[in-house]
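Geometric and topological summary
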Amino acid sequence: MNFLKGSASRTDNKNLNSEGGIDMPVWKFTIQEDMVRYGNKQRKKLTRKGCNEPYKGRYWCPKAMWFRKEICPFVNRKECENFVMMCGCL
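The paragraphs below set out a description of the structure included in this document. Note that the coordinates shown come from a computational prediction; the quantities given were computed from them, not determined experimentally.

1. Regarding the sheet that holds strand 5 (residues 58-61)
- With antiparallel pairing, three strands are arranged side by side in an open sheet as 4-5-6. Strand pairing shows two members of the sheet lacking a second neighbour, strand 4 (53-55) and strand 6 (66-68), which therefore form its edges. Neighbour-to-neighbour, the strand axes of this sheet turn through a mean angle of 45 degrees, independent of strand direction.
- As paired strands, strand 4 and strand 5 are joined by three bridges and run antiparallel to one another.

2. Quick word on the side chain of E53
- Along the chain, E53 turns up in strand 4.
- Given a relative accessible area of 0%, E53 falls into the buried group.
- Of note is the side chain of E53, whose polar atom sits 2.7 Å from the side chain of R43.
- Engagement of the side chain of E53 in a polar contact is seen with the side chain of T47, the distance being 2.7 Å.
- With near-sequence residues (within four places) excluded, E53 lies in contact with F29, I31, V36, R43, K45, L46, T47, R58, Y59 and W60.

3. Points about the pattern of salt bridges
- All told, the structure shown has two salt bridges when counted by the stated rule.
- Residues R43 and E53 are paired through a salt bridge, measuring 2.7 Å at the closest nitrogen-oxygen approach. Taken together, the positions of R43 in strand 3 (residues 41-44) and E53 in strand 4 put the pair 10 residues apart, joining distant regions of the chain.
- Between R77 and E81 there is a salt bridge, with the nearest N and O atoms lying 3.8 Å from each other. Here R77 and its partner E81 are both found in helix 2 (residues 77-87), four residues apart, which amounts to about one turn of the helix.

Criteria and cut-off values
- Residues numbered from 1 in each chain as written.
- Predicted model: local features only at pLDDT ≥ 70, side-chain atom pairs only at ≥ 80, totals over all residues.
- Heavy atoms only, no water.
- Pairing = 2+ DSSP bridges.
- Helix = DSSP H or I, 4+ residues; strand = E, 2+ residues; numbered from the N terminus.
- Axes fitted to C-alpha atoms, helices over the stretch in contact; angles between N-to-C directions.
- Buried < 20%, exposed > 50% of the residue type's maximum accessible area, 1.4 Å probe, protein only.
- Polar contact = N/O pair within 3.5 Å; in protein donor to acceptor, adjacent residues only side chain to side chain.
- Contact = heavy atoms within 4.5 Å.
- Salt bridge = Lys/Arg side-chain N within 4 Å of Asp/Glu carboxyl O.

In structure tokens:
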């Protein structure tokens, strides 16, 4: 029995890419000068260097280019880079 019969056999091709997969829009979080841009929105940067920039209960890490659940323990990006050089990883 095919439970996905109705949805799996749809012929709606507007979101299909050339390989037959589904294309999804890319959502990007960037910090440029004094502005934070995410998706099609923007706001003024709250932190001095962009480390631990808050967004919906998470904190942006520019080194990892990802959000963290907790605030980074390092004071600035240089301290983070020194830790990585001494220990080999974050």
